[in-house]
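# Report on the structure
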Amino acid sequence: MDQRIQQLVKQFSLGDQQRLAPFYMGLICYYIYLQTENNSPFLIEKEGPPSHEDLERLIESEFSFFQVEMGDFNLSGLAFDTPKGDLLSSVYNNLSQLLHTKAITYDVVADSLPEMVESLSATQWNDSTTPKELCTLLNSLLPEAANSIYCPYSSSPFVAASLSENKLVFTEGLDRHLLLILELMKRLSSRAINVAHSNPINNPSYVDATGLVKFDASLAFPAIGRKVHEFKSNDVWGRFPEKALTNEVYALRHMLAQSDFVACYVSNGFLFRSAAGESQFKQDILGRGWLKAVIALPEKLLASTNIPVSLIILDKSHQKDEVIFIDASGDKFKAKLGRNQNQLVNIPEIITTLNSFSNTAISSVKTAEDIAQNDLNWSSARYVLTEEQIRVDAFLDKHELEELSSRCQIIRPQAIKHEETSSSSEFIEFGIGDIDSTGSLTGNGRSIKATLVNATKARKQLIRPGDVLLVCKGAIGKLAIVPDDIPENSIASQVFAILRHNSGSILTDPEVLFMYLSSSIAQAKLRSITSGTTALMIASKALSSFPVPVFSEEEEDKAKKAMDERISIQSQIRDLQDKIRVLEDQWLLD
């Protein structure tokens, strides 16, 4: 942002006045423009700074869509005196002087408005702002020939400000505050900006006699992870062949209906989501060869949420069986902005990697068949191997492997509802808190009373001595072996997978499996098949196909001895911890 503009913004105090600074700056600048040009139906009838009533009249005359939220705007809230005099007059006089002396231009003010909103994102507009760096990345992806750019949703003003001035920009959304920013940019800037006030999904504005208007490219950051409660299957434009759970599919389908090139941010959860609508969408896009790239980005780039995001590129001219996955989530692509927020950096390396369309340290090119074999998972983490994953694969390549499901029976427990009735059956449910540092169940569990239906379900997840319990939700990879003295009515909570030897399995000793799953090799492999953003989990299919080496008798003996030594060392540690606790109090009692 221009330093002189920043100084003007500082005149606004904290609270509502600062929150609304971008709108006042834009309105006052537009007021000066109308006074100077005098070519608008809204006639400025006096010289000098505007009153609050003048600005209200300006909004009523030229920004009719905003009138219903005039109370939100709170113009009267700035009617006070500052050491430099009336705030509106002070901003007007300073801004007018800068403009008339050509120290700054109207374009500079227009381009600064989205940056002002972003800089105040921690106060009010955080749900709608898109960091400048993310907009720069979007802009860098545009095809050279793209001239008409469609920017729907709340990211509109931020993306529009990042585009070069020779682009034709078409924006669309419902957020009246951001639409006002766009309208002010349109009036003050030399940019060709079109503004539509509508819901792009339910009521698209850019239509003509032939149907939806086609643009050269679409760039956007729609709301992420938002569930769709109502689905309109009678869309007259035929945009939505799938019924999806969240809005990302609809946002992408809409942009694909209006352009052949789409660069769009999505939540990482969307990338591995396998619900019916999302799965159908991914199959169709891959089948058509439209998925060009998926770029994983660092965490905490947004002020409003810690949900990690990725950038996907859909290109109808790509029509290839290959997709490049780029992992730009590492430290080299982020700079610390504060305790809870990062900034995207090193964008040129991302673009260079994308243009190379080759396998590098941060990228991997995969076929549609590769992606289908990974349950249509679009996450870069699934395909771009870290140094740790390369080490793990090198180890596994040296061994004969079997899938976990062939080594043991896998039981995935369900949640059992506690209902106390006269006919309830009692069970003891063991959870993650009942596992000690040695990998044994040492807690008492919790009592659960289950009705007849739930009791039948609970009996299917009874645990037996020798069962290996693997945490598959939350603290992924934590393990326990069920001891011999476990009560007969004990069950595992739904965070676990129960790994059990049966007559048809190859597993001969649960201690060997326990020790392998505890190893750094297996733990790294478990992390690589984990999905989820805020709630981590391992899907049943991924766990079933988890690779386990076929160990020799000598290797199994080593594993058992290591297990015995592990238990012995943990026992010594517990004894020492007990001695420390005694010492902590003993000096007070002697």
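Preceding block: the structure.
Description of the structure in this document. A quick note: this is a predicted structure, and the numbers were derived from the prediction, not measured.

If a probe the size of a water molecule is rolled over the atoms, the empty space left behind becomes visible. Scanning the entire structure with this criterion turns up three cavities of 30 Å³ or more. Considering only enclosed or pocket space, the second largest cavity measures out at about 50 Å³ in volume. Around the second largest cavity sit Tyr153, Ser154, Ser156, Pro157, Glu172, Gly173, Leu174, Asp175, Leu178, Leu179 and Leu182, which together line it. Of all the secondary-structure elements, those providing two or more residues to the lining of the second largest cavity are helix H10 (156-162), strand E4 (168-173) and helix H11 (176-188).

Time to look at the sheet that holds strand E11 (residues 309-315). Pairing within the open sheet is mixed, and its nine strands lie in the order E5-E4-E3-E8-E9-E11-E10-E12-E15. Of all the strands in the sheet, just strand E5 (192-197) and strand E15 (363-367) have a single pairing partner and so form its edges. Between one strand axis and the next, the sheet turns through 20 degrees on average, direction left out of account. Pairing geometry for strand E12 (residues 322-327) and E15, over five bridges, is antiparallel. Residue Ile324 lies in a different strand from E15, and its bridge partner there is Val365. Helix H12 (residues 247-258) contacts strand E3 (148-152), E4, strand E8 (217-220), strand E9 (261-267) and E11 of the sheet and is inclined by roughly 170 degrees relative to E9.

The antiparallel open sheet is built from four strands, whose spatial order is E17-E23-E20-E21. With one partner strand each, in any of the chains shown, strand E17 (409-411) and strand E21 (479-481) form the two edges of the open sheet. Here the strands of the sheet are splayed against their neighbours by 20 degrees on average, with no regard to which way each runs. Pairing geometry for E17 and strand E23 (residues 496-500), over three bridges, is antiparallel.

You will see that Lys300, though not glycine, has its phi angle at about 60 degrees, which is positive. Take Lys300: it is sitting in the loop between strand E10 (291-296) and E11. Residue Asp375 is not a glycine yet carries a positive backbone phi of 55 degrees. Counting through the fold element by element, Asp375 comes out in the loop between helix H16 (368-373) and helix H17 (387-397). Residue classification places Asp375 among the partly exposed residues on the basis of a relative accessible area of 35%.

This part covers the packing of aromatic side chains. By the definition in use, this model includes 14 aromatic pairs. Here Phe170 and Tyr206 contribute two aromatic rings whose centre-to-centre distance is 5.6 Å and whose plane-to-plane angle is 90 degrees, an arrangement assigned as edge-to-face. In this pair, Phe170 sits in strand E4 while Tyr206 sits in the loop between E5 and strand E6 (207-208), placing the two residues 36 residues apart along the sequence. Per residue, the accessibility class of Phe170 equals that of Tyr206, and both read buried. These aromatic residues form a ring-pair network of at least three members: Tyr150, Phe170, Tyr206 and Phe215. In this structure, Lys282 is placed above the aromatic ring of Phe270, and the distance from its NZ or CZ to the ring centre is 5.4 Å. Over the aromatic face of Phe357 sits the side chain of Lys320, whose NZ or CZ is 6.0 Å from the ring centroid.

Following the sequence through the fold, Ser356 ends up in helix H15 (residues 347-356). Exposure remark for Ser356: the relative accessible area of 36% places this residue in the partly exposed category. Put simply, Ser356 and Ile324 are 32 residues apart on the chain and 9.5 Å apart in space, counted from C-alpha to C-alpha. A distance of 2.7 Å separates a polar atom in the side chain of Ser356 from the backbone oxygen of Thr353. Side chain to side chain, Ser356 and Ser358 meet in a polar contact 3.2 Å long.

Core analysis: the biggest nonpolar cluster contains 84 residues, and Leu95, Leu137, Leu297 and Leu344 have the highest contact counts within it. Of all the elements, helix H3 (residues 21-37) adds the most residues to this core, at eleven residues. Filtering out sequence-adjacent residues up to four positions away, Leu95 remains in contact with Leu8, Met25, Ile28, Cys29, Ile32, Ile104 and Val109.

For the rest of this paragraph, the subject is the side chain of Ser310. As for its placement among the helices and strands, Ser310 is situated in strand E11. The exposure class of Ser310 is buried, given its relative accessible area of 1%. Those residues in contact with Ser310 that lie beyond four places of it in its chain are Cys264, Tyr265, Val266, Asn268, Leu271, Val294, Ile295, Ala296 and Leu297.

Definitions and cut-offs
Here, residues in each chain are numbered from 1, in the same order as that chain's written sequence. A pLDDT threshold of at least 70 governs which residues receive local features in this predicted model, and a stricter bar of 80 or more applies before side-chain atom pairs are shown or counted, although totals over entire chains, interfaces and linings include all residues. Each side-chain value is derived from all of the structure's non-hydrogen atoms; neither hydrogens nor water enter the calculation. The way it works is a 1 Å grid over only the protein atoms, where trapped points that fit a 1.4 Å probe form a cavity and open points with protein on both sides within 12 Å along at least five of seven lines form a pocket, and then any residue with an atom within 4 Å of a point lines it. Grid points are joined across faces, edges and corners, and a volume is the space filled by probe spheres set on the points. Helix numbers and strand numbers start at the N terminus; a helix is a DSSP run of H or I with at least 4 residues, a strand a run of E with at least 2. A pair of strands is considered paired only if DSSP assigns at least 2 bridges between the two. Axis lines are fitted to C-alpha atoms, over the contacting stretch for helices. Their N-to-C directions set the angle, which ranges from 0 to 180 degrees. The contact criterion used is simple: two residues touch if any of their non-hydrogen atoms lie within 4.5 Å. For each residue, the accessible area found with a 1.4 Å probe, counting protein chains only, is set against the maximum for its type, and the residue is called buried under 20%, exposed over 50%, and partly exposed in between. In this analysis, rings of Phe, Tyr and Trp, with Trp reduced to its six-membered ring, are considered paired at centre separations within 6.5 Å, and the interplanar angle assigns stacked below 30 degrees, edge-to-face beyond 60, and tilted for intermediate values. Two conditions define a charge sitting above a ring: the NZ of Lys or the CZ of Arg must be within 6 Å of the ring centre, and it must be within 35 degrees of the ring normal. Within 3.5 Å is the distance limit for a polar contact, defined as a pair of N or O atoms, with the added protein rule that one can donate a hydrogen and the other accept it, and that residues adjacent in sequence qualify only through two side-chain atoms. Nine residue types can take part in a nonpolar core, namely buried Ala, Val, Leu, Ile, Met, Phe, Trp, Tyr and Cys, and a core is a set of them joined through side-chain atoms within 4.5 Å.

The values are spatial; any link to function lies outside them.
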